Amino acid sequence: MIDQETIQRIMDAAHIEEVVGEFVSLKKRGANHIGCCPFHNEKTPSFYVSPAKGIYKCFGCGEAGDVVKFLMKHEHYTYPEALRWLADKYHIEIKEEELTDEEKQRQTERDGLFHVSEFAQKYFADLLFSNEMGRAVGLSYFHQRGMSDEIIKRFGLGYCLDEWSNFTDHARKNGYSDEVLEKTGLTIFKDTDESGTAPKHRVYDRFRGRVMFPIYSISGRVLGFSGRILTSDKKAAKYVNSPDSDIYNKSRILYGLFQARAAIAKANKCYLVEGNVDVVSMHQSGVENTVASCGTSLTTEQIRLIKRYTPNVTVLYDGDSAGIKAALRAVDLLFAEGMHVRLVLFPDGEDPDSYAQKYGSAQLQDYLANHEDNFILFKIRVLLDEVKGDPIRKAELEHETARSIALVSDMLERNEYIRQCSHLLHVSEDALTNAVAKAIATKSSADKTAATETPAPEKAEAEPQPQTPQPTASYPLPEVERHLAKLLLNYGNEKLYQTYKDEDGSERELVYTVAQVIIGEMLSEQLSFVHPLCQRILEQCTLMIDLTGSVDTSRFMNSNDEQLRSFAISLMIDTYTLCEESWKKKDIYTPKIEDNLLQDVSDSLGTFKSMRLAQMIAERREQLRTANTEQQQQLLAEIKQYTDISRILANKLGQVIAPRR
Ligand SMILES: [Zn+2]
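Cut-offs applied
- Residues numbered from 1 in each chain as written.
- Predicted model: local features only at pLDDT ≥ 70, side-chain atom pairs only at ≥ 80, totals over all residues.
- Heavy atoms only, no water.
- Helix = DSSP H or I, 4+ residues; strand = E, 2+ residues; numbered from the N terminus.
- Buried < 20%, exposed > 50% of the residue type's maximum accessible area, 1.4 Å probe, protein only.
- Contact = heavy atoms within 4.5 Å.
- Areas by Shrake-Rupley, 256 points an atom, 1.4 Å probe, with all protein chains shown as cover.
- Donors = N, O, S within 2.8 Å, 3.2 Å for Na, K, Ca; no water.
- Tetrahedral: all angles 85-135°; square planar, octahedral: opposite > 155°, others 65-115°.
- Pairing = 2+ DSSP bridges.
- Axes fitted to C-alpha atoms, helices over the stretch in contact; angles between N-to-C directions.
- Expected span 1.5 Å × (residues − 1).
- Phe/Tyr/Trp six-rings, centres within 6.5 Å; stacked < 30°, edge-to-face > 60°.
- Lys NZ or Arg CZ within 6 Å of the ring centre and 35° of its normal.

J.: Even after reading the chapter, I still don't get the overall build of the protein chain, so can you show me in this structure?
T.: A tally of regular secondary structure across the protein chain gives 27 helices and 18 strands. Counting only residues that meet the buried cut, the protein chain has 48% of its 661 residues in that class. Contacts in the protein chain between residues at least 24 apart in sequence constitute 65% of all its contacts with a sequence separation of at least 6. Counting every atom, the protein chain has about 33,300 Å² of accessible surface; 49% of that belongs to carbon and sulfur.

Right, dumping it as structure tokens:
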């Protein structure tokens, strides 16, 4: 429970572009910041953040909200967790109120896992420096690998003592329950076996005798661990990882991303290595834009994590056959996600860590810069070696190559691959071009089948989006309506000044807000918007004006109606840059709303009214053809009425509202 006053202070302090910017690489464009949406897969940015309005909106998948909604959605925080995160970031003290039992329960479950993970990380890190065995075994291992204390601390590395339950005993003493210890996988509990005999050690530490690599979320919370064994025990796995839990899902985590994300965005490039030690070693050598997929082979979700920061991935792999195979497995996946992939192959027997140790930082950076290879060519070179003149296998390789090239989304890049590969494979460019075209056709028909078989994963936006106006009639009525709704939401409370001559000839001034003018004009002509969501915005604004005299947009942002909320937010994000072209083409829009609000309101209302009236007249003309005599009378009367209004309107246009100065 956080009191309202504190919530308000947090919301006032939070800058949405800073918060979103911690997770998404944003670029400033006009009044907004834009980037690639973290909630769906996209190649061109359609994710908008408006600092002025404190909101974000994706025009690709429709996801929208404020800074708290972003954290809840992105980090899977609860509402209080999101607020606490913000309070922490902006150094705002939270006065805790008493929690209800239900809230306590919910919070304790996930928080319990986070807390014990953080507790464990601190304990292991402390042992590394202050415990005799920790120093002798763990710390000396890290030092041997050239890691400084500074980098060890930066990655929160630690050591778990080689005793059965040293950590578990310590955690229990500090009040952590067996339940959370088991759920995080830090402790393993063994029950009696089938014969009923109890094992010698019922409770033991999963990571005993291992150096510890904590795994952080993008925002720096400890989610789990990877432990490396230091003895040469053949039976024990070299690495042991935390099992998946409520807070840890290995296929969605990249080792080192928390420490690397800023450097990745800055360099616009991400190095992908095989192991935790390689990551730390690369950072130690000054190559900080490095991550690893730990405990799994690379997954699509992990690639999408990288993609938030950069589309460029350079994969570093050992020259041994396992390393090459791993690299090959990654290639199609990376291409399928539209990444630009390069490869650096280390000399036989070397990995980034050993290379850095042997030759030093400068040489490592030099090697990386000069040995980047194109991934498809690398693949062909490796496989050609295996083909060794076997014509069937060579045909397979050609087919395989065409399939890989087909995954490259950029046409120029694809043609370049075709050129180079045809040379390597000794086939004609035309033949390979045909094979690639065929592979693309097969792929897209497979995609289509998949698309029709499975329902769209994300709720399809029913509304045509601003960047793709879809006029339903020969005139863009929906766009004019949307524009008026936009004026209501963004400028509803701005004042407009209208001057008129009084009966005695003296000049008088009337002050109205934009919302009052729009709503007043709509009501006086008994007009409504055709677009149902625009109409709902109009209705709700009318209600607010009646009750309070002003438009409160937070009502829309916090609306329980997802469709209305998303639509309103999309209008509130200033997509002027997107709309500009389409409006210009139709010649009904003047640039920069703020510069000429009066003119804009007046023109938009005039345009809307004449269009709407024309539409209503056309509708009634259409109905006339099938109407009976009585109905015809009624329809003709309406047509006359609307025509009269149109005429008056035409005369009035341009003089309804005069600017103040
Ligand atoms: Zn999206």
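J.: Explain the coordination of the zinc ion here, please?
T.: Six octahedrally arranged donors around a metal ideally form angles of 90 or 180 degrees; four tetrahedrally arranged donors ideally form angles of 109.5 degrees. With distances of 2.0 to 2.3 Å, the protein atoms coordinating the zinc ion are Cys37 (SG), His40 (ND1), Cys58 (SG) and Cys61 (SG). Taken together, the four donor atoms surrounding the zinc ion define angles of 102 to 120 degrees at the centre, an arrangement classified as tetrahedral. Read from N- to C-terminus, the donor residues coordinating the zinc ion fall into the pattern C-x2-H-x17-C-x2-C. Judged by its relative accessible area of 0%, Cys58 is buried.

J.: Help me understand the sheet that holds strand 1 (residues 27–29) in this model?
T.: Strand pairing in a sheet relies on backbone hydrogen bonds, with the paired strands running either antiparallel or parallel. Pairing is antiparallel in the open sheet, where five strands are placed in the order 1-2-3-4-5. Strands at the two margins of the open sheet, each flanked by one partner only, are strand 1 and strand 5 (64–66). Each strand axis lies, on average, 25 degrees off the axis of its neighbour in the sheet, ignoring direction. Bridging between strand 1 and strand 2 (residues 32–35) involves three bridges; their strand directions are antiparallel. Its bridge partner being in strand 2, Lys28 is matched across the sheet by His33.

J.: Help me understand helix 22 (residues 532–548) in this model?
T.: One full turn of an α-helix is made of 3.6 residues, so residues set three or four places apart face in the same direction. Here helix 22 contains 17 residues, and its C-alpha end-to-end distance of 24 Å stays within 8% of the 24 Å for a straight helix at 1.5 Å per residue. Of all the positions in helix 22, only Leu533, Cys534, Gln535, Ile537, Leu538, Cys541, Thr542, Met544 and Ile545 are classed as buried. Buried positions along helix 22 lie against helix 20 (477–491), helix 21 (514–524), helix 23 (554–557) and helix 24 (562–572). Two residues or fewer after helix 22 comes Gly549, characterised by a positive phi angle close to 85 degrees.

J.: I keep staring at the packing of aromatic side chains and nothing clicks. Help me out?
T.: By convention here, two paired aromatic rings are described through the distance between centres and the angle between planes. As enumerated under the stated definition, the model contains 28 aromatic pairs in all. Seen in terms of ring centroids, Tyr123 and Phe124 are 6.2 Å apart; in terms of plane orientation they differ by 50 degrees. Their pairing is tilted. Look at Phe124 and you get buried, because its relative accessible area is 2%. Put simply, the rings of Phe119, Tyr123, Phe124, Phe167, Tyr176, Phe207 and Phe225 pair up and form one aromatic cluster. The ring of Tyr90 carries the charged tip of Lys89 above its face, separated from the ring centre by 5.6 Å.

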